[in-house]
Amino acid sequence: MISIAVLGYGTVGSGVVEVINTNHRHINRRAGEEIEIKYVLDLRDFPGDPVESILVHDYNIILNDEDVKVIVEVMGGVEPANTFVRQALMRGKSVCTSNKELVAKYGAELLAIAKEHNVNFLFEASVGGGIPIIRPINQSLTVDHIDEISGILNGTTNYILTKMADEGLSFDTVLKEAQEKGYAERNPEADVCGYDACRKIAILSSLVYGKQVDYEDIYTEGITEITKRDFEYSNLLGTSIKLLGTAKKIDDKVYAIVAPFMIDENHCLIGVNGVYNGIFLHGDMLDNVMFYGRGAGKLPTASAVVSDVVDAVKHRHTNIMTIWKPEKKELGDIRHFRCGFFVRVKGRNIESAITDAFGKVKFVELGDNEEETAFLTETMEEGVFHEKIQAFDLITRIRTTF
Ligand code: HSE
């Protein structure tokens, strides 16, 4: 019998308890041991909930209990999660977490502490919710040089963008509806400004490139400026607009960016809609590989957390080698990132000025009398685009992948 403790009885924590209770026989068979939830830690009380009998408010009870071999940290936020996780690892307890803020900031350090104490620090649920992506990168995609990892990494924004595309609604209208339905947080900043996706691509690129990619270094834009009219153009072009987190190797430099991209029908992620997430990698031997599924939600996220618990139980007394050194990975200057642009500028009959500045472009017309001109550029460096666009009265620009 292996005793575990769950830190945090919120959405994911209660999901972990539910997953283990519902599938306990199957999970025990897979783990090769019987798994017992000995404690749940939360500041709150839950009168009438079966969890009451194992609920504790003092972390030291868990830390000092030698029977507890695996700790599930699903509290979220950097502190006190960071302190609790460090203490657990140093006491020889493995930790499984869904906490992307913690992993993005301290992943390399916590992996090193786990290694030193011959236990495991596992974080499958920190990116892509229920989608297996951390373990495949660490254990399956070990042969290839990965030159690109791109993902729709945030379910809330993908839901909003999908609704805007399908129903011709504005960002504010869809956000309000998403908040009413509980899909979006009351304070939606982390999702709609791209911060959540930024931490997730920081974790993925740190694992892919084996060094610390600091999320503060990743150029990040959210979806708040995307309009109904942008989608009218996008629909006319047969494309879609998605919030992508991308890390791309170009000439030995890694460029990382989170921003809305216009993607066309040939892009692997074009069919990833609603609250779903999709992650695509390109390897030099493997070519393209893609992972798709529910990127959030109680049971999918809990499923990924419990898969880590099973792995931790299977690897007791063995540290699973994970290459993510604390050494900083310097990212390429975003001004040298290369992509195409969908552009809307004020004014009409300015096609020749646009062609003079940008060379070959494709003009796009909605066929109304709006005083604007829209066009698609070919691939160019960000810095060059910004220089050239200065001569125009810019309404919006969205990067493209084609
Ligand atoms: N807010 C996140 C999302 C939850 O919408 O994808 C999962 O990390």
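Residues numbered from 1 in each chain as written. Predicted model: local features only at pLDDT ≥ 70, side-chain atom pairs only at ≥ 80, totals over all residues. Heavy atoms only, no water.

1. Focus on a nonpolar patch on the surface
A surface patch of nonpolar side chains, amounting to about 330 Å² of accessible area, comprises V143, M285 and L286. Residue placement: L286 occurs in the loop between β12 (276-283) and β13 (287-294). Residue classification places L286 among the partly exposed residues on the basis of a relative accessible area of 38%. (Patch = residues over 30% accessible without salt bridge, like charges linked within 9 Å, V, L, I, M, F, W, Y side chains within 5 Å. Areas by Shrake-Rupley, 256 points an atom, 1.4 Å probe, with all protein chains shown as cover. Salt bridge = Lys/Arg side-chain N within 4 Å of Asp/Glu carboxyl O. Helix = DSSP H or I, 4+ residues; strand = E, 2+ residues; numbered from the N terminus. Buried < 20%, exposed > 50% of the residue type's maximum accessible area, 1.4 Å probe, protein only.)

2. Let's talk about the site of the ligand
Near the ligand the following residues occur: K100, N154, G155, T156, D191, D196, K200, G295 and A296. Contact between the ligand and T156: an oxygen atom at 2.6 Å from a side-chain N or O atom of the residue. Between an oxygen atom of the ligand and a side-chain N or O atom of K200, the distance comes to 2.8 Å. Broken down by secondary-structure element, the contributors of at least two residues to the shell around the ligand are α7 (155-167) and α10 (195-209). Residue composition of the shell around the ligand, by class: one nonpolar, four polar and four charged. (Near = heavy atom within 4 Å. Polar contact = N/O pair within 3.5 Å; in protein donor to acceptor, adjacent residues only side chain to side chain. Nonpolar A, V, L, I, M, F, W, Y, C, P; charged D, E, K, R; others polar.)

3. Some remarks on the packing of helix α2 (residues 24-31) against helix α12 (residues 298-314)
Running from N to C, α2 and α12 cross one another at 35 degrees; their axes reach a closest spacing of 9 Å. Together, I27, R30 and A31 of α2 and V306, V310, V313 and K314 of α12 make up the contact between the two elements. Class assignment for the residues of the contact of α2 with α12 results in five nonpolar, no polar and two charged. (Axes fitted to C-alpha atoms, helices over the stretch in contact; angles between N-to-C directions. Contact = heavy atoms within 4.5 Å.)

4. Description of unusual backbone geometry
Most peptide bonds adopt trans geometry, and most residues besides glycine take a negative phi value. Note that the residue after E79, namely P80, is joined by a cis bond; omega there is 10 degrees. If you check the backbone angles, D252 has positive phi at about 70 degrees while not being a glycine. Judged by its relative accessible area of 68%, D252 is exposed. One non-glycine residue with positive phi stands out, namely H317, at about 70 degrees. Along the chain, the position of H317 falls in the loop between α12 and β14 (325-328). What makes H317 exposed here is its relative accessible area of 60%.

5. Quick look at the domain arrangement of the chain
Segmenting the chain into domains produces domain 1 (2-129 + 298-328), domain 2 (142-294) and domain 3 (334-400). Each of domain 1 and domain 3 has a C-alpha centre, and the two are 49 Å apart. (Domains from an automatic or database assignment.)

6. Section: the pairing of strand β5 (residues 94-97)
Regular strands show a simple pattern: their side chains alternate between the two faces of the sheet. Burial along β5 is two-sided: S94 and C96 facing one way and V95 and T97 facing the other are all buried. Pairing of strand β4 (residues 68-73) with β5, which is carried by four bridges, proceeds in the parallel orientation. Each bridged residue has a counterpart across the sheet, and for V72 the counterpart in β5 is C96. Between the parallel pair β4 and β5, the chain is carried across by helix α4 (residues 81-90), and the sense of this crossover is right-handed. The sheet contact formed by β5 and strand β6 (residues 121-122) spans two bridges and is parallel. Within β6, the residue paired with C96 across the bridge is L122. As for the winding sense of the linkage, the β-α-β connection from β5 through helix α5 (residues 100-116) to β6 is right-handed. (Pairing = 2+ DSSP bridges. Right-handed = clockwise from strand over helix to strand, strands pointing away.)

7. Things to note about the packing of aromatic side chains
Aromatic rings in a pair are described by how distant their centres are and how their planes are angled relative to each other. All told, the structure shown has 14 aromatic pairs when counted by the stated rule. Ring plane angle 40 degrees and centroid distance 6.1 Å describe the contact between F358 and F392, whose orientation is recorded as tilted. Taken together, the residues F358 in helix α13 (residues 351-358) and F392 in the loop between α14 (382-389) and β19 (394-400) connect sequence positions 34 residues apart. One exposure class covers both F358 and F392, and it is buried. Between F363 and F375 the ring centres are 6.2 Å apart and the planes differ by 55 degrees, which places this aromatic pair in the tilted class. With F363 in strand β16 (residues 361-364) and F375 in strand β17 (residues 372-377), this residue pair connects regions lying twelve residues apart in the sequence. Residue F363 is classed as partly exposed on the basis of its relative accessible area, which comes to 30%. For F375, a relative accessible area of 0% corresponds to the buried category. Pairwise contacts between aromatic rings join F341, F358, F363, F375, F385 and F392 into one cluster. (Phe/Tyr/Trp six-rings, centres within 6.5 Å; stacked < 30°, edge-to-face > 60°.)

8. Considering the environment of K115
Within the secondary structure layout, K115 lies in helix α5. Judged by relative accessible area, K115 falls into the exposed class, the value being 58%. Sequence separation between K115 and M321 is 206 residues, and the spatial gap between their C-alpha atoms is 7.9 Å.

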